[in-house]
Amino acid sequence: MKAIVTGYSSGIGKAISDILESNGFEIIKLKSRLNDLDSLEKEVKLLLKTSDINVLVNCAGLGIFKPHEEISLAKIKELIDVNLTAPIILSNLLLRSLKKTKGHIINIASVEATRHSKFSALYTATKSGLRSFGLALFEELRRSDVKVTTVNPDLTKTNFFDDFNFEPGDSKNSHLIADDIAKSILDIIVFNGVITDITIRPQKLEIKKKI
C-alpha cells in the first residue's frame, strides 16, 4: 500500500510517516513545494502514471498568530496555499486513484478549526476551511467507498512553535506529542467504519511565553 504524507520531514507529519512505514506502507515523498501548484500538479500526474495511492495525509501546515493588519499579503497567500489550497488540489488530483483503491484522505486541521481565538483569524480560516472541505467531501465520496477524516489536534510539542513567542507548557498532561497523534491516525485507518471528525486535546491547557 502506498501513502502520500505532506509535511513528512518533521513534527506530526514525520511521526505519521514513520508509523505508517513501520506498518507496511510505502511513503511517497513529494518533492514539490506545496505553494508551487504547477510543479505539484505535474509531479502528482507523473506519479499516477505508475502508482495508485491508498492513503493521502494532508499534514503540512504553517501558522501565524498576530494582529491581522500586521500580516503581509505574501504571508497570507502562503498560508492559504499550504494549509488549504494544496490539500484541496491534492485531493482533486488523487481522487480517481483513491476511488480505485477505496482509499482514505486524512486532513490534519487544528483545534482552532473548532473555535475562535484572538490573533488567529488567518490560521483559523485556513484550518476551518480544511475541516469543512473534509466533512463535505466525505458526503460526496461515501458511495465510492473513499473515507475522509479530519483530525483537529490541540497543542502538540513539535517544532511548529519554533518561530512563535509561546509554546505548550512543560507538564506531561498539558500537551500532546506527535507519536500519539500518529498512533491515532493508524487507528483511524484500520477502523472498520469512518471517523469523519475527531478533536484530540491534552487534559490541561498550559501555554508558556518564551524568554
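The following paragraphs examine the structure supplied in this document.

Parameters and conventions
- Residues numbered from 1 in each chain as written.
- Predicted model: local features only at pLDDT ≥ 70, side-chain atom pairs only at ≥ 80, totals over all residues.
- Heavy atoms only, no water.
- Core = buried A, V, L, I, M, F, W, Y, C linked by side-chain atoms within 4.5 Å.
- Buried < 20%, exposed > 50% of the residue type's maximum accessible area, 1.4 Å probe, protein only.
- Helix = DSSP H or I, 4+ residues; strand = E, 2+ residues; numbered from the N terminus.
- Contact = heavy atoms within 4.5 Å.
- Pairing = 2+ DSSP bridges.
- Axes fitted to C-alpha atoms, helices over the stretch in contact; angles between N-to-C directions.
- Salt bridge = Lys/Arg side-chain N within 4 Å of Asp/Glu carboxyl O.
- Parallel < 35°, antiparallel > 145°, perpendicular 65-115°, else oblique.
- Left-handed = near helix turned anticlockwise from the far one by under 90°.
- Nonpolar A, V, L, I, M, F, W, Y, C, P; charged D, E, K, R; others polar.
- Expected span 1.5 Å × (residues − 1).
- Right-handed = clockwise from strand over helix to strand, strands pointing away.

1. Some thoughts on the nonpolar core
Within the largest apolar cluster, 24 residues are counted, with the highest numbers of intra-cluster contacts made by Ile-16, Leu-20, Val-57, Ile-106, Ile-108 and Ile-185. Residue assignment for this core shows that the elements contributing at least two residues are β1 (2-5), α1 (11-21), β3 (55-58), β4 (104-108) and α5 (178-190). By residue number, the principal contributor to this core is α5, which donates seven residues. Residues contacting Ile-16, with those up to four places away along its chain left out, are Val-5, Val-57, Cys-59, Ile-108, Ala-182 and Ile-185. Of all hydrophobic cores here, the second largest spans 23 residues; its members include Leu-40, Leu-47, Val-82 and Leu-137.

2. So, the sheet that holds strand β9 (residues 197-200)
Pairing within the open sheet is parallel, and its six strands lie in the order β2-β1-β3-β4-β5-β9. Across the chains shown, the open sheet's two edge strands, defined by having one partner strand only, are β2 (26-28) and β9. Recorded for the sheet is a direction-independent mean angle of 20° between the axes of neighbouring strands. Relative to β4, β3 is paired through four bridges, and the arrangement is parallel. Following the sheet pairing, Asn-58 is matched in β4 by Asn-107. Sitting on the sheet, α5 is in contact with β3, β4, β5 (147-153) and β9, with an inclination near 155° to β4.

3. With respect to the pattern of salt bridges
All chains considered together, the criterion is met by eleven salt bridges. In this structure, the salt-bridge partner of Asp-18 is Lys-14, at a minimum N-O distance of 2.9 Å. Remark: Lys-14 and Asp-18 occur in helix α1; sequence separation between them is four residues, near one turn of the helix. Using a relative accessible area of 37% as the deciding quantity, one classes Asp-18 as partly exposed. Asp-197 is paired through a salt bridge with Arg-131; the nearest N and O atoms lie 2.9 Å apart. Of the two residues, Asp-197 sits in strand β9 while Arg-131 sits in helix α4 (residues 121-141), which places them 66 residues apart along the sequence.

4. A closer look at the packing of α1 against α5
Relative to each other, α1 and α5 sit at 50°, their axes nearing to 8 Å. Judged on the interaxial angle alone, α5 and α1 are oblique. α5 is crossed by α1, and the crossing has right-handed handedness. Where α1 abuts α5, its residues Gly-11, Ile-12, Ala-15, Ile-16, Ile-19 and Leu-20 lie against Ala-178, Asp-179, Ile-181, Ala-182, Lys-183, Ile-185, Leu-186 and Ile-189. Residues that form the contact of α1 with α5 fall into these classes: eleven nonpolar, one polar and two charged.

5. Re α5
Each α-helix turn comprises 3.6 residues. Residues three or four places apart therefore point the same way. The first and last C-alpha atoms of α5 sit 19 Å apart over 13 residues, in line with the 18 Å expected at 1.5 Å per residue. Turning to α5, its buried residues are Ala-178, Ile-181, Ala-182, Ser-184, Ile-185, Leu-186, Ile-188 and Ile-189.

6. Digging into the pairing of β4
By the criterion of burial, β4 is predominantly enclosed, with five of the five residues buried. In β4, alternate side chains face the same way, and those of His-104, Ile-106 and Ile-108 on one face and Ile-105 and Asn-107 on the other are all buried. Between β3 and its parallel partner β4, the chain crosses via helix α3 (residues 73-101), and the hand of that crossover is right-handed. The pairing of β4 with β5 spans five bridges and is classified as parallel. From the neighbouring strand, Ile-105 faces β5, where its bridge partner is Val-148. Read from β4 through α4 to β5, the crossover connection turns out right-handed.

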